[in-house]
Amino acid sequence: MSSSSTTTTTTRLLMLKASDGVTFEVEEAVATKLGAINNMVEEEGSEDLICLPNVNGKFLGMVLEWCKKHANNNTNSDKGNDEVNKWWDKEFVMDLDQNTLYHLLMAADYLSGTELVDLLTEKVASMIRGKKVEEIRETFKIKSDFLPGQEEEIRKKNSWAFE
Amino acid sequence: MATTPSSSYLPEPVIHKILKRLPPKDAIRASATSKPWRLAWITSPVLAFDESIVPFKHSDFFDYVDRSLALWRDRCDNRVNMEKFTLCADVTTEEFFSRLVELVAIATSRSVKVIKLRSCSERFYMVFHSDSLWPLLSACKSFDVLSLRGFQLCLWGSLPEMSSVKKLSLAALFIDENGLKNLLSSLPLLEDLDIGFCLGFVELRISCPKLRTFEVILSENPPQNVVINAPNLQYFLYQRSSYPLGSVGFSNCKLLTTLRIERTEFGTANALDEHLSQIPLLENLMVKACRLREGIRISHSNLKSLTLQHNWRLKKAEIDTPNLRFFKYVGGIFHVSTFRYSSGLLKAELRLASSVFDCTEWFWFIRLRNFLESFSNCKILSLHCYLEGCAEELRDSDMLPDPFYELTHLSISNLSLPITQYSSFLKAMVEIFPGLETLFLETMEARISIEFDEYRYLNWNATVYSSNNDERDKICESIKGATNKILELFGWTDEHYSENESDASIYSDLNNDMNIYAANPHGALDIAL
């Protein structure tokens, strides 16, 4: 891939390579919704091929799908698009299972996709609200690693939160 | 990645982000799931305490905050900074106020960035300029956001300069003009100001050299005047939540790009335009609920987006904005003497309200047709009409005006006309607006949306508001009847559209609403927009 062709084209294409070798060709404006990629692109003499060894192709694909939606709508400053984006976001997180949600969140955090992290952490928070400790553990497959007595102590000290 | 990792392995900053979205009760429960979550909860740099949502009251509440902060300080040594400190307490006595100040001292000693203090007491607690709070805040060079709510600020003397503060938010405060002046002049680098429902002053005089955005919501009667002198102001929003109209004066705001005003008195039709001529860079303008009896005149070469909303009794308008790309209008039909916009690029959305279309006025649709003439060079034109009653005269097609081809999106709400009477009404609408791409109808029994795709295939879906099965079936039949009528109007044959019972799916959800999806010729189901 030659690096001499950045003179006239306005939309530069980047190749993103996931941990499992899957590659994605995306417009720069889309990929730079991710802080980590934006930083790499801003470095001078950056390559058009970016390897992302910490992200699996399936989840990178989903992250990029989100970026594409938000990059497109960002160019348009109409109020109506906010609503459209909100709807789209709602659908995006609606039926995520725990495993996908976890991997997406890890990928979004690793790639510094701040807005996507906000969306996903809100989804996690909404799944926590109103649940008991055991239910939260079950929902997110969290194993208790407290020493004997530690959890009881937390419950005792904050008994009002466990009523 | 063969094994399924557990969410307890989320990085601590991510857990912080989750926890700060939760009320304390839920956050504490989540923190009792495992060590990483517990540790994340204790070390979270965002500390928020709200007396109204925890069971501890008065001095117990302050004890609770003390304990939590002690735990945080125990875990996070002096190198760790606090991001945000929010306290909402029932501050009624000097004792509680001094405990609040002690807490602020802890936050400022940890280079906090955002401080939000709120009193949820029924009576305003009086905070004086001589109080220890101000020296404490001015000594903290890290914080850039200050938010105060529910106090009476008695700032009659000068305050020490708080040179780091960039954003100030004042809500539900009692503060007099002098106090406001003293507070604002202690914030030389203020960029962002937000004032909501504050009382105690007759005139709000803002003179801040660095100010970029200013939002103000007022409700007092008589209205408080707003006078602004801010050479760097870019965004200004003025809202009044009730009548009578307020007044706004701005001078020296040459960099303003967004201006939104509500319930404001202008005097003559040209008064606003005279203001606008002083703001050459303005791009977005919204004028809402201003009484513009004499009409409105807007001429601006840079304006890109204009919203005129709820300016009831607006009779005429002269709008000369050659670069306008977005126009939103909510109200009745007005006389458009001039309307210049970016030809072929304007997206216009018109919402015409029921009182204008009560259908008692004969030939109202001719007036509508003439009104729309001004919008014939739009890129996208959507029209929403709220109708009342039945438009009898539309049944007689001889009386219809010439077709208007430019309208692409039409939505009609008519909550008094039953669905069975729609077909003749729709016929007229389709004849007046033959270029429609989407048509949305809301009746007393159902919502129907009809869309023509790029190949002119028709997709439609409907939601029926009825829990009674028989009634629902009946309504469904009428919807089919109405839709078939539209098919006929567009001269469609089986080639374009087939209504195949076996392809049509009927869903029934928990609310007993009913969605009917008619299949298009490709056999795919259409999803509601």
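The rules behind each value
Numbering of residues starts from 1 in each chain and follows the order in which that chain's sequence is written. Lettering for chains starts from A, numbering for ligands starts from 1, and both go in the order in which the items are written. Predicted model: local features are reported for residues with pLDDT of at least 70 only, side-chain atom pairs are reported and counted for 80 or more only, and whole-chain, interface and lining totals are derived from all residues. With hydrogens and water set aside, each side-chain value is computed from the structure's full complement of heavy atoms. Any pair of residues with heavy atoms lying within 4.5 Å of one another is described as a contacting pair. Put simply, buried area is the surface a 1.4 Å probe can reach on two separate parts but cannot reach once they are joined, added for both. For salt bridges, the criterion is a side-chain nitrogen of Lys or Arg within 4 Å of an Asp or Glu carboxyl oxygen. By the criterion applied in these results, polar contacts are pairs of N or O atoms within 3.5 Å in which, for protein atoms, one can donate a hydrogen and the other can accept it, and in which residues neighboring in sequence qualify only through two side-chain atoms. Under the DSSP-based scheme used, a helix requires at least four consecutive residues in state H or I and a strand at least two consecutive residues in state E, with every element numbered from the N terminus. Gly falls in the polar group here, along with every residue not listed as nonpolar (Ala, Val, Leu, Ile, Met, Phe, Trp, Tyr, Cys, Pro) or charged (Asp, Glu, Lys, Arg). Like-charged residues are merged into a patch within 9 Å and nonpolar side chains (Val, Leu, Ile, Met, Phe, Trp, Tyr) within 5 Å, provided each residue has over 30% relative accessible area and no salt bridge. Areas reported here follow the Shrake-Rupley algorithm with a probe of radius 1.4 Å; residue values treat only the protein chains shown as occluding. Only four residue types enter the charge count: Lys and Arg as positive, Asp and Glu as negative, with His and the chain ends excluded. For this purpose, a charge sits on NZ of Lys, CZ of Arg, CG of Asp or CD of Glu. Only when DSSP finds a minimum of two bridges between them are two strands counted as paired. Every axis corresponds to a line fitted to the C-alpha atoms, with the helix fit spanning only the stretch in contact, and the corresponding angles, defined between N-to-C directions, vary from 0 to 180 degrees.

## Overview of the interface of chain B and chain A
Listed by partner, the interface residues are 36 residues for chain B and 40 residues for chain A. At the boundary of chain B with chain A, total buried surface from both sides reaches about 3,300 Å², with 65% on carbon and sulfur atoms. Considering only the surface of chain B that becomes buried against chain A, Arg21, Arg29 and Thr33 of chain B emerge as the three largest contributors, covering 20% of it. Inspection of the region where chain B meets chain A yields two salt bridges. Here chain B and chain A share 11 residue pairs in polar contact (both at pLDDT 80 or more) between them. Looking at the side of chain B that touches chain A, the elements that each hand over two or more residues are helix H1 (12–19), helix H2 (24–31) and helix H3 (35–43) of chain B. Residue composition of the side of chain B that touches chain A, grouped by class: 20 nonpolar, seven polar and nine charged.

## Notes on a negative patch on the surface
Residues Asp470, Glu471, Asp473 and Glu477 of chain B make up a contiguous surface patch of negative charge. Mapping glutamate 477 of chain B onto the fold places it in helix H11 (residues 469–489).

## Concerning the sheet that holds strand E21 (residues 335–340) of chain B
All names here are of chain B. One open sheet holds the three strands; their spatial order is E17-E19-E21, and the pairing between them is parallel. Among the strands making up the open sheet, the edge pair consists of strand E17 (296–299) and E21. Strand-to-strand twist in this sheet, taken as the mean axis angle between neighbours without regard to direction, amounts to 5°. Taken together, the four bridges between E17 and strand E19 (residues 316–320) define a ladder with parallel strand orientation. Bridging from a neighbouring strand, isoleucine 298 pairs with isoleucine 319 of E19.

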